[in-house]
Amino acid sequence: MHYDRAKLNQEVPILNPPRSCIRFFVVLLSLQFFLATKTLANTIKIDDVSLDSHSFANIKDVQTTHLNLDLTVDFTRKQITGVAEHQLNWLNPAATRFVVDTRALVIEKVQALTAANTWVNVPYILGIADPIKGQPLTIQLVAQVSKVRIFYHSTEASSGLQWLGIAQTTEKKQPFLFSQSQAIHARSWIPLQDTPAIRITYQAKVKTPPELLAVMSADNSKNQVRDGDYEFDMPQKVPAYLIAIAVGDLHFKPMSAHTGIYAEKAWLDKAVYEFADTQKMMDVASKLYGDYHWGRYDLLILPSSFPFGGMENPRLSFITPTVITGDRSLVSLIAHELAHSWSGNLITNSNWNELWINEGFTNFVENRLMREVYGAARADMEANLSYHELLQDMADLAPEDTALKVNLTGRDPDDAFSQVPYVKGQLFLTWLESKFGAQRFDQFMAAYFKKHQFQSMDTEKFIQFLQAELLNKYPNTVSLAEVQRWIFLPGLPKDVVVSPSDAFSKVEQQLGLWLAQETPLRQLNTKQWSVHEWLHFINKLPRDLSLEQLTALDEVYRFSSSKNAEIFVAWARLTIPLNYPPIFTPLRDFLTTVGRSKFVVPLYRELKANPEKTGLATTIYREAKPGYHPLTQSQVEKVLF
Ligand SMILES: [Zn+2]
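Remember, predicted model here, so these are calculated numbers, not experimental data.

Enquirer: Talk me through the overall build of the protein; I want residue IDs and the actual numbers.
Expert: Scanning the protein from terminus to terminus reveals 18 helices and 22 strands. Relative to a compact globule of 641 residues, whose C-alpha radius of gyration would be 26 Å, the protein shows 25 Å and is just as compact. Seen through its principal axes, the protein has C-alpha atoms that stretch 90 × 60 × 50 Å. Taken across its 641 residues, the protein has 60% of its residues classed as buried.

Enquirer: If you had to explain the sheet that holds strand 5 (residues 105-113) to someone new, which residues and values would you point to?
Expert: Pairing in this open sheet of seven strands is mixed, and the strands run 6-5-9-3-2-12-14 from one edge to the other. Each edge of the open sheet carries a strand with a single partner, namely strand 6 (119-121) and strand 14 (229-238). With direction set aside, neighbouring strand axes in the sheet form an average angle of 20°. In terms of strand pairing, strand 2 (residues 62-74) meets strand 3 (residues 79-90) through twelve bridges, oriented antiparallel. The residue bridging histidine 66 from the neighbouring strand is glutamine 87, located in strand 3.

Enquirer: Could you give an account of helix 11 (residues 502-515), with specific residues and numbers?
Expert: Look at helix 11: 20 Å from first C-alpha to last across 14 residues, which is about the 20 Å you get at 1.5 Å a residue. Buried residues in helix 11 make contact with helix 6 (376-396), helix 12 (531-540) and helix 13 (547-557). Looking at the residues trailing helix 11, positive phi occurs at glutamine 517, about 60°.

Enquirer: So what's going on with the sheet that holds strand 16 (residues 251-254)? Which residues, and what values?
Expert: Strand order in this open sheet of five strands is 16-17-18-20-19, and the pairing throughout is mixed. Only two strands of the sheet have a single partner each, and these edge strands are strand 16 and strand 19 (310-311).

Enquirer: Break down the pairing of strand 9 (residues 147-154) for me, with residues and values.
Expert: Counting buried positions along strand 9 yields six of eight residues, so the element is predominantly enclosed. Across seven bridges, strand 3 lies against strand 9 in antiparallel orientation. Of the residues in strand 9, the one forming a bridge with glutamine 87 is lysine 147. Where strand 5 meets strand 9, seven bridges bridge the pair, whose relative direction is antiparallel. Within strand 9, the position partnered with valine 106 by the bridge is histidine 153.

Enquirer: Can you lay out the side chain of lysine 613 for me, pointing to particular residues and giving the numbers?
Expert: Turning to its location among the elements, lysine 613 is positioned in the loop between helix 16 (597-609) and helix 17 (614-624). Of the buried charged residues, lysine 613 lacks a salt bridge, with glutamate 612 as the closest side chain of opposite charge at 5.4 Å. Residues in contact with lysine 613, not counting those within four places in the same chain, are Asn579, Phe584 and Leu607.

Enquirer: Give a description of the packing of helix 8 (residues 438-451) against helix 9 (residues 459-471) that names residues and reports values.
Expert: The geometry of helix 8 relative to helix 9 is characterised by a closest axis approach of 11 Å and an angle of 130° between their N-to-C directions. Relative to helix 9, the element helix 8 is oriented oblique. The two elements helix 8 and helix 9 meet at a crossing, and its hand is right-handed. Here helix 8 contributes Phe441, Phe444, Ala447, Tyr448 and Lys451 to the contact with helix 9, which in turn contributes Phe462, Phe465, Leu466, Glu469 and Leu470.

Enquirer: Describe the pattern of salt bridges, listing the residues and the values that go with them.
Expert: Scanning the model with the defined rule gives 21 salt bridges in all. A salt bridge links arginine 371 to aspartate 380, with the shortest nitrogen-to-oxygen separation between them at 3.1 Å. Relative accessible area serves as the criterion here: at 30%, arginine 371 is assigned to the partly exposed category. Overall, aspartate 380 belongs to the buried group, its relative accessible area being 16%. The salt bridge partner of arginine 411 is aspartate 401, with a shortest N-O separation of 3.1 Å. With arginine 411 in the loop between helix 6 and helix 7 (419-436) and aspartate 401 in the loop between helix 6 and helix 7, this residue pair connects regions lying ten residues apart in the sequence. Connected via shared salt-bridge partners are Glu85, Lys147 and Arg149.

Enquirer: Outline unusual backbone geometry, supporting the account with residue identities and numerical values.
Expert: Each neighbour pair has its own omega, and for glutamine 182 with alanine 183 the value is -5°, a cis peptide bond. Turning to its location among the elements, alanine 183 is positioned in the loop between strand 11 (176-179) and strand 12 (200-207). Phi at lysine 78 is positive, roughly 50°, even though this residue is not glycine. Position of lysine 78 relative to the elements: it lies in the loop between strand 2 and strand 3. Residue lysine 78 is classed as partly exposed on the basis of its relative accessible area, which comes to 38%.

Enquirer: Describe the environment of glutamate 482, with residues and values.
Expert: The topology assignment puts glutamate 482 in helix 10 (residues 480-488). Judged by relative accessible area, glutamate 482 falls into the partly exposed class, the value being 28%.

Enquirer: So what's going on with the packing of aromatic side chains? Residues and values would help.
Expert: Summed over the entire model, instances satisfying the criterion amount to 41 aromatic pairs. Residues tryptophan 534 and phenylalanine 559 carry aromatic rings whose centres are separated by 5.8 Å and whose planes lie at 70° to one another, so their mutual orientation is edge-to-face. Residue tryptophan 534 is found in helix 12, and its partner phenylalanine 559 is found in the loop between helix 13 and helix 14 (565-575); the two are separated by 25 residues along the sequence. For the pair tryptophan 534 and phenylalanine 559, a shared accessibility class is recorded, and that class is buried. One residue, arginine 378, lies across the ring of tyrosine 374, its end atom 4.5 Å from the ring centre. Geometry around phenylalanine 584 places lysine 613 over its ring, the cationic atom sitting 4.2 Å from the centre.

Enquirer: For the environment of serine 159, give the residues involved together with the corresponding values.
Expert: Within the secondary structure layout, serine 159 lies in the loop between strand 9 and strand 10 (161-164). For the pair formed by serine 159 and aspartate 52, sequence separation is 107 residues and the distance between their alpha carbons is 20 Å. If sequence neighbours within four positions are ignored, serine 159 has contacts with Arg103, His185, Ser188 and His629. Of note is the side chain of serine 159, whose polar atom sits 2.8 Å from the side chain of histidine 185.

Enquirer: Describe the pairing of strand 3, naming the residues involved and giving the relevant values.
Expert: Within strand 3, nine of the twelve residues are buried, which leaves it mostly tucked inside the rest of the structure. Counting the residues in the hairpin turn of strand 2 and strand 3 gives four residues, including lysine 78, whose phi is positive at 50°.

Enquirer: Describe helix 17, listing the residues and the values that go with them.
Expert: Given 3.6 residues per helical turn, the α-helix brings residues three or four places apart onto the same face. Listed as buried for helix 17 are Ala617, Thr618, Ile620, Tyr621 and Ala624. All buried residues of helix 17 fall inside an arc of 165° around its axis, so they share one side. The secondary structure elements touched by the buried residues of helix 17 are helix 15 (584-591), helix 16 and helix 18 (630-640).

Enquirer: Explain the confidence of the model for the protein to me, and be specific about the residues and the numbers.
Expert: In this model, the protein carries an average pLDDT of 92, and 92% of its residues clear a pLDDT of 70 or more. In the model, residues 5-50 has pLDDT below 50 throughout and makes 90 contacts with residues more than four positions away in sequence or in other chains.

Enquirer: Outline the packing of helix 15 against helix 17, supporting the account with residue identities and numerical values.
Expert: When two helices pack together, their arrangement is given by the angle between the helix axes and by the axis-to-axis distance. Put simply, helix 15 and helix 17 touch, their axes get as near as 9 Å, and they point 35° apart. Here the hand of the crossing between helix 15 and helix 17 comes out right-handed. Of the residues in helix 17, those in contact with Phe584, Arg588 and Leu591 of helix 15 are Leu616, Thr619, Ile620, Glu623 and Ala624. When its residues are assigned to classes, the contact of helix 15 with helix 17 shows five nonpolar, one polar and two charged.

Cut-offs and rules
- Residues numbered from 1 in each chain as written.
- Predicted model: local features only at pLDDT ≥ 70, side-chain atom pairs only at ≥ 80, totals over all residues.
- Heavy atoms only, no water.
- Helix = DSSP H or I, 4+ residues; strand = E, 2+ residues; numbered from the N terminus.
- Rg over C-alpha atoms; globule rule 2.2 N^0.38 Å.
- Buried < 20%, exposed > 50% of the residue type's maximum accessible area, 1.4 Å probe, protein only.
- Pairing = 2+ DSSP bridges.
- Axes fitted to C-alpha atoms, helices over the stretch in contact; angles between N-to-C directions.
- Expected span 1.5 Å × (residues − 1).
- Contact = heavy atoms within 4.5 Å.
- Lys, Arg positive; Asp, Glu negative; His and termini not counted.
- Salt bridge = Lys/Arg side-chain N within 4 Å of Asp/Glu carboxyl O.
- Parallel < 35°, antiparallel > 145°, perpendicular 65-115°, else oblique.
- Left-handed = near helix turned anticlockwise from the far one by under 90°.
- Phe/Tyr/Trp six-rings, centres within 6.5 Å; stacked < 30°, edge-to-face > 60°.
- Lys NZ or Arg CZ within 6 Å of the ring centre and 35° of its normal.
- Polar contact = N/O pair within 3.5 Å; in protein donor to acceptor, adjacent residues only side chain to side chain.
- Arc of directions from axis to C-beta.
- pLDDT = per-residue confidence, 0-100.
- Nonpolar A, V, L, I, M, F, W, Y, C, P; charged D, E, K, R; others polar.

What follows is the structure, given as structure tokens:
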């Protein structure tokens, strides 16, 4: 996922009731239930059932290997109704329970396939709801059956789905639905073993209103005819958080042989232009890190309420339209989501304490791709901007949350999304690269992706591989103690390698000339500046500029009317505390159109912190709320109320 810094500073309720307190209630009675009741009472022990503290699934006993979904998308009721058929692989010969994760789902019935090849109803128990993990669905079987079917429907509280009304789409003609399963939201629209410790293949049949198109993180090629009846096949094994769906008035346009855009019509041509280098990025990544294993790589442009920058759903990354600027200046987001096709999707963090294994590697690969495709100057500027965002983040975080490997037991795994796993992870790998040399490190990374592809990874396993492939082969270069310092201790080691940016030094020089009143704004040398240089310029402006100075800047550079969301937000964050009158109309327009948390939450925070604007913050939020994703809503409400 592309990180939203705004996720920080959430109050995290620690609500993990002792397991002995967990009580159950029976929601279904059947003949099989009566037969099994006696066994059930004796066999259900909620003890060490999972390797992942954020999942109830008993994956040591039994694992789903393949999932067959039959889904109906109902926009009137805002509901997905479906059957999830699990193909099972039993690991413990004594086990007869199958436990899956659910959240805010209504379970209608559960069936098992008998040895005689008939489907029979089986008893199940939906456990009491845990505020973070949801409810375990325990299915009691009399034998180790090969398949189980769960009949269910989603509810309004299904946190992984956002239903957009016609008014919240770009074209304003048809409604839109999209899912966001990472970290543990897949369970809110599919009952499944929702842990990245295991991987499954899946197939799906999806029914929608006939005028809409459904797409999934799967092979979308079978759905050439728009008729409301769609089929998907995901032949590569993926963790549950990478199962994704979107339904809307979507159209497709190819960009190259292996890449293309799905979007509402208004975005289609703009996105094709903006992301034209995707194939080039793919080719570079394949050359550096080994084959691309997923068939096609398409991008789905979502309506602007999408709460993140992007989500690396395999074969079909979900992308915010706020990076479509007309000048390809924010395409590092595409490099990031594409990089996940190796780091994260091919080698996956085994649980959410290990998020840096996904995101640190991805940020590193992203920057490596940007360097190859767009040159060192741009890659250095981007790395430099990220480094400063990391420093800002770390200042707000508890020390233990600034280690790469964290302990999130009892906390919401969405809280692991700070800049630490992303940028500190990247800096750790950059540091290793500086010690062993780029060529050796590229080879190491390619070997790492090849050896562990389609597997889950944890920190300890990575360290072993690093020792075998680099530390021991080239002794006296890097010590194990240094590696452990990077991973397990808070903060940044002193010898962190930060790429100096020549371009940024020049920006500071120009700014200095204006502040010292030596050169007027119109004569500053800004002609060749990219978005990154402009961002650095705004970020380096003093926080106590006069109204006269702000007005002068706006007259010359038109920041208040910038269509680049990064620039507009940086400028708004500077000018809201200074009560700069011209910012408030475009600010209202922005907040009622865009729902990307990274932008929206800090803007509300600035409004709230300004005693004269608290009322305005609430007024704008009331207007904007229906267009925000539930995740964005809850983040904004934590700031405002
Ligand atoms: Zn990511």
